[in-house]
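# Notes for the structure review
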Amino acid sequence: MESVLLTLPEEPRAAQPEFTTDPAARSNIAQPKPQRPEHAWREVSTQIKPGDNLALIFQRQGLSAKDVHLVSTSKPLGSQLKQIFPGHKLTFYLDEHGQLMQMAYTTGPLDRYEFKRQGDVFVGEQITTEPERILAYKHGTIDHSLFIASQRAGLSDAITMRLAQIFQWDIDFVLDIRPGDAFYVLFEELIHDGEFIGYGDILAAEFVNNGQPYRAIQYAAEGRQPDYYAPSGDSMRKAFLRAPVEFSRISSNFNLRRVHPLFKTVRPHRGIDYAAPTGTPILAAGDGRVTTASRTQPNGNYVVIQHGEQFVTKYLHLSKFARHVKSGQRIKQGQIIGYVGATGWATAPHLHYEFLVNGVHQNPRTVSLPNAAPIPKQQLPNFHAHTQRYSALLDNYKHQTSVAVAR
Ligand SMILES: [Zn+2]
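The protein atoms that coordinate the zinc ion are H269 (NE2), D273 (OD), D273 (OD) and H352 (ND1), at distances of 2.0 to 2.7 Å. For the zinc ion, the 4 donor atoms are set out with angles of 53 to 152° between them, so the coordination reads as irregular.

Before going further, it helps to examine a nonpolar patch on the surface. Residues L262, F263 and W345 make up a contiguous nonpolar surface patch of about 270 Å² in total accessible area. What makes F263 partly exposed here is its relative accessible area of 32%.

As summarised here, the arrangement of the 3 strands in space is β14-β20-β18, forming an open sheet in which the pairing is antiparallel. Of all the strands in the sheet, just β14 (281-283) and β18 (320-321) have a single pairing partner and so form its edges. The pairing of β14 with strand β20 (residues 336-339) spans 3 bridges and is classified as antiparallel. The residue of β20 that forms the bridge with P281 is Y339.

Here we come to the sheet that holds strand β3 (residues 89-94). What the 5 strands build is an open sheet, ordered β2-β3-β4-β5-β6; its pairing is antiparallel. Two strands in the sheet have a free side with no partner beyond their single neighbour: β2 (42-47) and β6 (121-128). On average, each strand axis in the sheet is inclined to that of its neighbour by 15°, with strand direction left out of account.

This brings us to the pattern of salt bridges. Following the criterion strictly, the structure yields 12 salt bridges and no others. We note a salt bridge from R133 to E188, for which the minimum N-O separation is 3.0 Å. Taken together, the residues R133 in strand β7 (residues 132-141) and E188 in strand β8 (residues 182-192) connect sequence positions 55 residues apart.

Looking now at the layout of surface pockets. For the second largest pocket, the calculated volume is near 640 Å³. Every residue lining the second largest pocket is counted, 27 residues in all, and those nearest its centre are R258, H260, H269, W345 and H352. Here the residues of the lining of the second largest pocket sort into 11 nonpolar, 10 polar and 6 charged.

Looking now at the packing of aromatic side chains. If you walk through the whole model with that rule in mind, you get 14 aromatic pairs. Both rings, one in F167 and one in F207, keep their centres 6.1 Å apart while their planes meet at 50°; by these two values the pair is tilted. You can see F167 sitting in the loop between α4 (157-166) and β8 and its partner F207 sitting in strand β9 (residues 195-209), a full 40 residues away along the chain. The pair formed by F167 and F207 is uniform in burial state, with each residue classed as buried. Judged by centre distance (4.6 Å) and plane angle (40°), the rings of F247 and Y274 are tilted. One end of the pair, F247, is in the loop between β11 (227-229) and β12 (249-252); the other, Y274, is in strand β13 (residues 272-275), with 27 residues separating them in the sequence. Given the relative accessible area of 31%, F247 is considered partly exposed. Residue classification places Y274 among the buried positions, given a relative accessible area of 0%.

Rules used throughout
- Residues numbered from 1 in each chain as written.
- Predicted model: local features only at pLDDT ≥ 70, side-chain atom pairs only at ≥ 80, totals over all residues.
- Heavy atoms only, no water.
- Donors = N, O, S within 2.8 Å, 3.2 Å for Na, K, Ca; no water.
- Tetrahedral: all angles 85-135°; square planar, octahedral: opposite > 155°, others 65-115°.
- Patch = residues over 30% accessible without salt bridge, like charges linked within 9 Å, V, L, I, M, F, W, Y side chains within 5 Å.
- Areas by Shrake-Rupley, 256 points an atom, 1.4 Å probe, with all protein chains shown as cover.
- Salt bridge = Lys/Arg side-chain N within 4 Å of Asp/Glu carboxyl O.
- Buried < 20%, exposed > 50% of the residue type's maximum accessible area, 1.4 Å probe, protein only.
- Pairing = 2+ DSSP bridges.
- Helix = DSSP H or I, 4+ residues; strand = E, 2+ residues; numbered from the N terminus.
- Axes fitted to C-alpha atoms, helices over the stretch in contact; angles between N-to-C directions.
- 1 Å grid on protein atoms, 1.4 Å probe; cavity = no way out; pocket = protein on both sides within 12 Å on 5 of 7 lines; lining within 4 Å.
- Points joined across faces, edges and corners; volume = space filled by probe spheres on them.
- Nonpolar A, V, L, I, M, F, W, Y, C, P; charged D, E, K, R; others polar.
- Phe/Tyr/Trp six-rings, centres within 6.5 Å; stacked < 30°, edge-to-face > 60°.

By themselves, these observations are geometric and do not establish any function.
The structure is reproduced here in structure tokens:
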């Protein structure tokens, strides 16, 4: 298990995010601060308490009701002050006569609203600060489960989840994990004012499952969201999720000669039933367009998605639809389309899921899934340059880890 700050090889600045590699630099990172008034202005900060409102706080600070009015009615951001939340911070800047010149409402480490006096009015501005990104590295070896190994390695649950998501098409993290499996992860830590405020993305990772290494590099291909690719340029994703819901068990398998549990007659079961608690989110298995979001007696609430020419997926017995889901709606893989329920002909909460290829029902557990789009050919040179850099980093740290173990 290793946790180290890394030194990145040189690369043209424009193409890559910048990393602070010197730990000493953590504490004095240059950040755009709220503009400090030049003259003898006084700065007073106060934390918002439960039950506070702007008028109360202004009164406590000895500020006028007129200023409350001016700030809170300033267009268009004054309305942000109608609801202020305990724990957030207000900062006042007063001139030498005690007149309010500027106010900042800070809602998070990176977010604040600034209101500046301009004559008889205040003008608001929303300011979002970019955090500093530091590259971090962790490595772990698995005895029993990924999550136990990750905790031991000091990897957060959020990063572990993302790690499992990246490799979910190659590795079943419940069934395939073997003692001795290992992971190597490069990821970002977000720093603001010298303090850790959260995790950024996984930039590169390797997972060794049963002796077989899988490597993934994050890359933003032109015209696409950042995604994970093998060093060859193939997507780590398939075009479809294997199961569109986190299920506790399969309550009924794909079976074309099944005796129906309610009707006691032979009725083919053309899908898989995934048992899960009512309200469990159901995800779109792939990118596509909703063709039906409706209700019938047998199906209950159900959704049908068309994926390109060939593929259709169906989701039955939903307790409710996700808000944006209606027919004609474009949808992305992994987007929530609704929630598990027992509407229609269902005896217990479950998702009935169907997968059709050219109009023919296939077993969703075993159908071979098409790959998601690889890196386009003309973008491969840039992609390879990016990949080599991160692959070299991973190799470097794997090597250092094994040397450390050997010592
Ligand atoms: Zn079913």
